[in-house]
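# A closer look at the structure
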Amino acid sequence: MRSGVKAKEIVEGKGDIAARDKTVVVNVRMFLNRGNEIPNIGVGGPKFVIDLSQRECIAGLRYGIEGMRVGGRRNITVSPHLAFGAAGVADLIPPNAVIRCEIELLEVRDHGVRKAEDYPPGKHLGVFHSGDPTQEDPRWQFGIKENGHCGIYVTHPIPSLGWRHARHSQSEAHLGNATTLALFEHAFKMQELFPQDCFVYEELWPDAAQLADPNRRQGNRNVSYLWVSVSEQGNYVIKFYLAETSRAMVESPLLKQINAMLDEIKHRATGTGKT
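These figures come from a predicted structure and were not determined experimentally.

With that settled, the discussion passes to the packing of aromatic side chains. Summed over the entire model, instances satisfying the criterion amount to five aromatic pairs. When the ring of Trp 227 is compared with that of Tyr 236, the centres are 6.0 Å apart and the planes differ by 50°; the resulting orientation is tilted. For Trp 227, a relative accessible area of 23% translates into the label partly exposed. According to the relative accessible area criterion, Tyr 236 is partly exposed, its value standing at 44%. Cluster of aromatic residues (ring-pair linked, three or more members): Phe 128, Phe 199, Tyr 225, Trp 227, Tyr 236 and Tyr 241. Between the NZ or CZ atom of Arg 2 and the centre of the ring of Tyr 63, over which it lies, the distance is 3.9 Å.

Moving on: the pattern of salt bridges. Applying the stated rule across the entire model yields eight salt bridges. Taking the shortest distance from any N to any O, the salt bridge between Glu 9 and Arg 74 comes out at 3.1 Å. With a gap of 65 residues between them, Glu 9 in strand E1 (residues 5-11) and Arg 74 in strand E5 (residues 73-78) connect regions that are remote in the sequence. For Glu 9, a relative accessible area of 34% corresponds to the partly exposed category.

Turning our eyes to something else, we now look at helix H2 (residues 177-193). In this model, H2 (17 residues) spans 23 Å end to end at C-alpha, consistent with the 24 Å of a helix rising 1.5 Å per residue. The largest bend along H2 reaches roughly 30° and is located at Ala 187. Within the span of H2, buried status applies to Thr 180, Leu 183, Phe 184, His 186, Ala 187 and Met 190.

Within the secondary structure, Ser 252 is located in the loop between helix H3 (247-250) and helix H4 (253-270). The buried category is assigned to Ser 252, whose relative accessible area is 4%. There is a polar contact of 3.0 Å between the side chain of Ser 252 and the backbone nitrogen of Leu 254. If near-sequence neighbours (up to four positions away) are discounted, Ser 252 is found in contact with His 186 and Met 190.

Turning our eyes to something else, we now look at the nonpolar core. Ranked by internal contacts, the top residues of the largest apolar core, which has 31 residues, are Leu 61 and Ile 99. Mapped by element, the contributors of at least two residues to this core are strand E2 (22-32), strand E4 (47-51), helix H1 (59-65), E5 and strand E6 (99-110). Contacts of Ile 99, omitting those with residues within four sequence positions, involve Met 30, Phe 31, Leu 32, Ile 38, Ile 76, Thr 77, Val 78, Ala 83, Phe 84 and Ile 93. In terms of nonpolar packing, the next biggest core, distinct from the first, is built from 28 residues, Phe 184, Met 190, Val 230 and Met 249 among them.

Right, let's talk about unusual backbone geometry for a bit. The residue Asn 96 is not glycine, and still its phi comes out positive at about 55°. Along the chain, Asn 96 falls in the loop between E5 and E6.

This paragraph deals with the environment of Glu 104. Within the element layout of this structure, Glu 104 appears in strand E6. With 32 residues separating them in the primary sequence, Glu 104 and Gly 72 have C-alpha atoms 5.9 Å apart. With sequence-adjacent residues up to four places away left out, Glu 104 is seen in contact with Val 25, Val 26, Asn 27, Gly 72 and Arg 73.

On to the layout of surface pockets, then. Considered as a void within the structure, the second largest pocket measures approximately 380 Å³ in volume. Lining the second largest pocket are 19 residues, and of these Asp 137, Pro 138, Trp 140, Asn 259 and Leu 262 sit closest to its centre. Of all elements in the fold, only strand E9 (149-158), H3 and H4 reach the threshold of two or more residues within the lining of the second largest pocket. A per-element tally of the lining of the second largest pocket places H4 first, with eight residues. Its residues assigned to classes, the lining of the second largest pocket shows 10 nonpolar, four polar and five charged.

Of all seven residues making up strand E7 (residues 123-129), five are buried, and the element is well covered by its neighbours. In the sheet, E7 pairs with strand E8 (residues 139-145) via six bridges, with the strands oriented antiparallel. Paired with Leu 125 across the two strands is Ile 144, which belongs to E8.

A separate point is the confidence of the model for the chain. For the chain, per-residue confidence averages 84 on the pLDDT scale, and residues scoring 70 or more make up 86% of the total. Here residues 208-214 scores under 50 on pLDDT; set against residues more than four positions off or in separate chains, the count is nine contacts.

Inspection of the secondary structure assignment puts Ser 130 in the loop between E7 and E8. As for Ser 130 and Gln 141, which are separated by 11 residues in sequence, their C-alpha atoms are 8.7 Å apart.

Basis of the calculations
Residue numbers run consecutively from 1 along every chain, following the written order of its sequence. The model is predicted, so local features are restricted to residues of pLDDT at least 70 and side-chain atom pairs to those at 80 or more, both for listing and for counting; the totals for chains, interfaces and linings are taken over all residues. With hydrogens and water excluded, all non-hydrogen atoms of the structure serve as input to the side-chain values. By convention, a stacked pair of Phe, Tyr or Trp rings (six-membered ring in the case of Trp) has centres within 6.5 Å and planes under 30 degrees apart, an edge-to-face pair has planes over 60 apart, and any other such pair is tilted. Throughout, exposure labels follow a simple rule: accessible area from a 1.4 Å probe, protein chains only, divided by the maximum for the residue type, with under 20% read as buried, over 50% as exposed, and the rest as partly exposed. For a Lys NZ or an Arg CZ to count as sitting over a ring, it must be within 6 Å of the ring centre and within 35 degrees of the ring normal. A pairing counts as a salt bridge when a side-chain nitrogen of Lys or Arg comes within 4 Å of a carboxyl oxygen of Asp or Glu. Each helix is a run of DSSP H or I of at least 4 residues and each strand a run of E of at least 2, with the numbering of both proceeding from the N terminus. Multiply 1.5 Å by the residue count of a helix minus one, and that product is the helix's expected span. Two axes enter the bend calculation: one fitted to the seven residues ending at the residue in question, the other to the seven starting there, and the bend is the angle between them. Nitrogen and oxygen atoms within 3.5 Å of one another constitute a polar contact, given that in protein one can donate a hydrogen and the other can accept it, and given that sequence-neighbouring residues count only through two side-chain atoms. Here a residue-residue contact requires only that any non-hydrogen atoms of the pair lie within 4.5 Å. Among buried residues, those of type Ala, Val, Leu, Ile, Met, Phe, Trp, Tyr and Cys that are joined through side-chain atoms within 4.5 Å constitute a nonpolar core. In this analysis a 1.4 Å probe is tested at points of a 1 Å grid over the protein atoms alone, and where it fits but cannot get out there is a cavity; an open set with protein on both sides within 12 Å along at least five of seven lines is a pocket; lining residues have an atom within 4 Å of a point. Grid points are joined across faces, edges and corners, and a volume is the space filled by probe spheres set on the points. Residues are grouped as follows: nonpolar covers Ala, Val, Leu, Ile, Met, Phe, Trp, Tyr, Cys and Pro; charged covers Asp, Glu, Lys and Arg; every other residue, Gly included, is treated as polar. Between any two strands, pairing holds if DSSP finds at least two bridges. Note on scores: pLDDT gives the predictor's confidence for each residue, bounded by 0 and 100.

Pasting the structure below:
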């Protein structure tokens with residue numbers, strides 16, 4: 001086991017082994033060392049899929065899963081530098097927190113394999129903002145389900161350290177049926193309403209000014225982009241990109257909802273009330 005992760009085997013599994021080049025399906029519960037359970041951050045529930053070769057969760061959890069066999073259960077204790085670090089997560093995880101995880105390994109798959117049952121039923125609308133660590137511009141991912149539950153997960157870069165040493169924050173809300181339906185309908189109409197603003201992935205190019213983990217930008221404008229998608233059971237119904245300064249986004253009700261949630265996070269961080 002790697003330095004910074006301590007493991008205690010509860011049940012020895014007998015199935016396939018979770019290796020670093022595999023994708024796994026796990027049940028996970030996280031706790032602060034003092035005992036408080038941590039709501040799942042960005043994973044959508046206790047059962048979720050992790051590609052162990054990617055940074056899809058905290059490093060300590062990935063390392064703690066490696067070597068398990070299907071059917072096994074393991075408890076791990078993760079040091080802060082392999083968890084949420086010196087920044088923690090606002091209102092959820094204090095700085096330099098030791099994290100405890102209860103892990104049950106359900107399935108081991110080949111790298112990158114996803115199945116329809118991995119995804120919740122219904123459509124999911126998402127907007128991803130690439131951010132820019134050189135400008136201290138946060139990266140965020142907004143999502144809303146057909147039942148009105150929505151959330152935003154924000155990664156705040158640390159000056160000169162980029163995304164690897166970042167702090168995180170999130171906000172959740174539940175929207176009414178009419179608002180939810182309007183947002184989905186608007187997403188489906190954006191390409192028709194603003195064809196000049198929407199483009200495909202092939203029009204994005206790495207930013208040559210960033211040597212490590214470069215952002216992609218729309219080549220002919222050199223501006224950061226947003227990725228809008230609607231998916232169902234892991235398959236994209238629509239997917240397109242647009243510049244963050246485009247009329248399509250500036251006038252979008254999606255941006256109004258996103259900004260409201262970003263403002264809430266900002267107010268929590270500064271300790272100020274909403275105005």
